[in-house]
Every structure is written in C-alpha cells, then in structure tokens.
Amino acid sequence: MDVLDWLLDSDPAIRWQALRDLADAPSGEIAAERARVASEGWGARLLALQDSDGQWAGGACFPSASLHWREKGQGQPWISTLPTLQLLVDFGIDPDTGLMQRAIDRVEAGCRWEHAGQPFFSGEVEPCINGRTVAIGVYFGRNMDALVERLLVEQLEDGGWNCEAENGSVRSSFATTINVLEGLLAHERATGGSPPQIAARKRGEDYLLERKLFRRKSTGDVVNPAWLQFSFPTRWHYDVLRALDYFRSTGDSPDSRIDEAIEQLRAKRQPDGRWLLENTHPGQVHFALEDGDHRPSRWNTLRALRVLRWYERRQA
C-alpha cells in the first residue's frame, strides 16, 4: 500500500483532507467525504460525548473533576470543551451541519470559562487560550471581533505573544504566538481583516521566522529539542511541523527562513515515506487517534506531505 492509499484507508477526518491536499480530487468527492466527519468515526464520537449542559467533561478548559491533575502527575486532561472543539476544527468537520450547529449553540448557552465565568466565545485572559478560541469561534460562524482586538493590544514589542505577560513577562513565547497567529489568520480569512490586524499577524510571523522556527535569535541555539519532535494533536503546544503547516495555510510563498525547518522535516521521513508520531502530550483523552509514539502517524504524514508539496511547488 502506498502512502496516499494508506492515508485514504482511515477516518473521514483524514480522508477528506488527503483528497483535497494530496490527491487533487474533484470538489464533489472532497465535499462528500468531509460531510461524513459529523456522522461517522472520530467526529461523530466526539459530538456524542457532549453533555446536556453544552460542555464536554463539565468544563471549558479543564474537566470539572480535574482540579488536582498537576499534583497527581497525570498530565493535563484533554477532554474538556476547548480541546474537544479544537479537535473538531482539526478534523475539518463541516461547521454548517445541523449536528454541529446545535452543538455550538449549546456551547454558547452553557459553557463558561473557569477563570471568571466568562461566556466561552468571549474568551478569558490568556492569549494562548484566546487565540484558539478565536480560531474555533470563527470556524463555527461566531463574531470574534472583540477578542481579536484584545489580542492585538496584547502583542509584545518583539512581535509575539506570551501567556505570562500578565505576570510581567516581556519576551514572547513560541507556543502562545502560534496559537494567536492561527486565530488571527482564521479571523482575517473570515472578515478580510483590518490593516492593524494584518500588520500584527505579519509581525508575529516574523517573530518565528527570525528564529528559523526553532532557534534562539540571540545565540542560534535550539530553544527546545522537543520542538523537533512532531505531535498530534498539538493542543496548545508548539513544534516545527505545526509552525510549517501554519505557514503553508497562509497561502504565501515559502520564506527562505523556513529552509532549515524544512530540512528537519525531510530528515524525519521514514524509508517507507511515512512520518512517526512523537512526543504525545500526556493527559486523559476521549480516545486514541493513533497507535502511539514511534509508530507511523497518519496525521503527521498528512501534514508533512502537504507542507512539502507547498514548499516544493513554490520553490520550483
């Protein structure tokens, strides 16, 4: 079985994206496969797990029964509303299906942030959370203008964002920055974006590009070796594949400052043409999407191949 056939022999969430991004399938075939995400496989399973109060596992960012997960050393649980909706966006579920719209209406009516009881689509105080909330809200047709304006005000002098800014940090975080960039790009696509918003996004991209996506600007050292390991789901975490897939999604031509990151991506390709799952972020999940670390990963292979296709086509 070749790699594309292997990707197509999977859940609708992967199949429809492989058809769109790698197989150049007809639009009708892509749409039909995408429509299955809400009614079959992983997407349907996640929708079925929503509680009557509109939340997953009784909470916005954390499950209602998870107050002591740090002390227990269990890793952050990933079964609450925010990471579940983030997964549904990653799956590319059709936001206009009745099932999905009803689910989002229940979130809007019943889900409140643990920070101070804010409505889910109003966001809370951490930009790493609010960036993802913007991306989710835009995807499902909510007006996220006010939260975007907050993010623009919170941009730091070096061009990025940091969840620790409220505690005095003046240096940006790669992880917070990628979460905000994904939200700003989604909002810009949906609304056209304002000149200040577009400029802020470009400054945030330059923050990552100036650092080659994984190096310190001051010394050139690798900031965190874990960023050269590719995980899925990424949750709030940063890694080089997530950053590369973001830059692909902008539709811009590849910047030469990603060249070294591309070489890191190519070096991870296995002899059979696939990429492995690495560095799974510990914590409770609804169900497994892959066979575990150090095993072939459909999600990483899909994302790596579409990044390389974009990069090599634009370089030709």
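Here's a quick rundown of the structure.

Analysis parameters
- Residues numbered from 1 in each chain as written.
- Predicted model: local features only at pLDDT ≥ 70, side-chain atom pairs only at ≥ 80, totals over all residues.
- Heavy atoms only, no water.
- Core = buried A, V, L, I, M, F, W, Y, C linked by side-chain atoms within 4.5 Å.
- Buried < 20%, exposed > 50% of the residue type's maximum accessible area, 1.4 Å probe, protein only.
- Helix = DSSP H or I, 4+ residues; strand = E, 2+ residues; numbered from the N terminus.
- Contact = heavy atoms within 4.5 Å.
- Disulfide = S-S within 2.5 Å.
- Axes fitted to C-alpha atoms, helices over the stretch in contact; angles between N-to-C directions.
- Parallel < 35°, antiparallel > 145°, perpendicular 65-115°, else oblique.
- Left-handed = near helix turned anticlockwise from the far one by under 90°.
- Nonpolar A, V, L, I, M, F, W, Y, C, P; charged D, E, K, R; others polar.
- Polar contact = N/O pair within 3.5 Å; in protein donor to acceptor, adjacent residues only side chain to side chain.
- Expected span 1.5 Å × (residues − 1).
- Arc of directions from axis to C-beta.

To continue, consider the nonpolar core. If you look at the biggest cluster of nonpolar residues, it comprises 85 residues, and the most contacted ones within it are Leu85, Phe91, Phe120 and Leu213. The leading source of residues in this core is helix α14 (residues 298-315), at eight residues. When neighbours within four sequence positions are excluded, Phe91 is seen to be in contact with Ala13, Trp16, Gln17, Val37, Trp42, Gly43, Leu46, Leu289 and Trp299.

Let us look at the state of the cysteines. The final tally for this structure, using the stated rule, is one disulfide. With a sulfur-sulfur separation of 2.1 Å, Cys128 is cross-linked through a disulfide to Cys163. Negative torsions about the S-S bond denote left-handed disulfides, and the value of about -130° found for Cys128 with Cys163 makes this one left-handed. With Cys128 in helix α8 (residues 127-139) and Cys163 in the loop between α9 (145-153) and α10 (174-191), this residue pair connects regions lying 35 residues apart in the sequence. For the residue pair Cys128 and Cys163, the accessibility class agrees, reading buried in each case. Left without a disulfide partner, Cys61 is nearest to the cysteine sulfur of Cys128, which lies 8.0 Å away. According to the relative accessible area criterion, Cys61 is buried, its value standing at 6%. Between Cys111, a free cysteine, and Cys61, which holds the nearest cysteine sulfur, the sulfur-to-sulfur gap is 9.8 Å. When its relative accessible area of 0% is taken as the criterion, Cys111 is described as buried.

We now examine the packing of helix α2 (residues 12-21) against helix α3 (residues 27-35). In contact at an axis separation of 8 Å, α2 and α3 are set at 165° when each is read in the N-to-C sense. Here α2 lies roughly antiparallel to α3, going by the angle between them. The interaxial crossing formed by α2 with α3 has left-handed handedness. Only Glu29, Ile30, Glu33 and Arg34 of α3 make contact with α2, whose side of the interface consists of Pro12, Arg15, Trp16, Leu19 and Arg20. A breakdown of the residues in the contact of α2 with α3 according to their chemical character gives four nonpolar, no polar and five charged.

Next up on the list: the environment of Ile198. Position of Ile198 among the secondary structure elements: in helix α11 (residues 195-209). Once the C-alpha coordinates of Ile198 and Glu188 are considered, the two residues, 10 residues apart in sequence, prove to be 7.4 Å apart. Discounting chain neighbours no more than four positions away, the residues touching Ile198 are Glu188, Gly192 and Gly193.

With that out of the way, let us pick up the side chain of Gln76. Inspection of the secondary structure assignment puts Gln76 in the loop between α5 (69-72) and α6 (81-91). A polar atom in the side chain of Gln76 sits 3.2 Å from the side chain of Trp236.

Residue Phe232 is joined to Pro233 through a cis peptide bond whose omega torsion reads -5°. In this model, Ala57 sits at a positive phi of 55°, which is unusual for a non-glycine residue. For Ala57, the location among the structural elements is in the loop between α4 (41-48) and α5. Assessed through its relative accessible area of 24%, Ala57 is described here as partly exposed. Here Arg235, not a glycine, exhibits a phi torsion of approximately 60°, which is positive. The residue Arg235 is located in the loop between α11 and α12 (240-250) in this model.

For the rest of this paragraph, the subject is helix α7 (residues 98-110). The first and last C-alpha atoms of α7 sit 18 Å apart over 13 residues, in line with the 18 Å expected at 1.5 Å per residue. Taken together, the buried positions of α7 are occupied by Met100, Ala103, Ile104 and Val107. Angular distribution of buried residues about the axis of α7 spans 95°; they occupy a single face of the element. Packed against the buried residues of α7 are α4 and α6.

None of this, on its own, says anything about what the molecule does.
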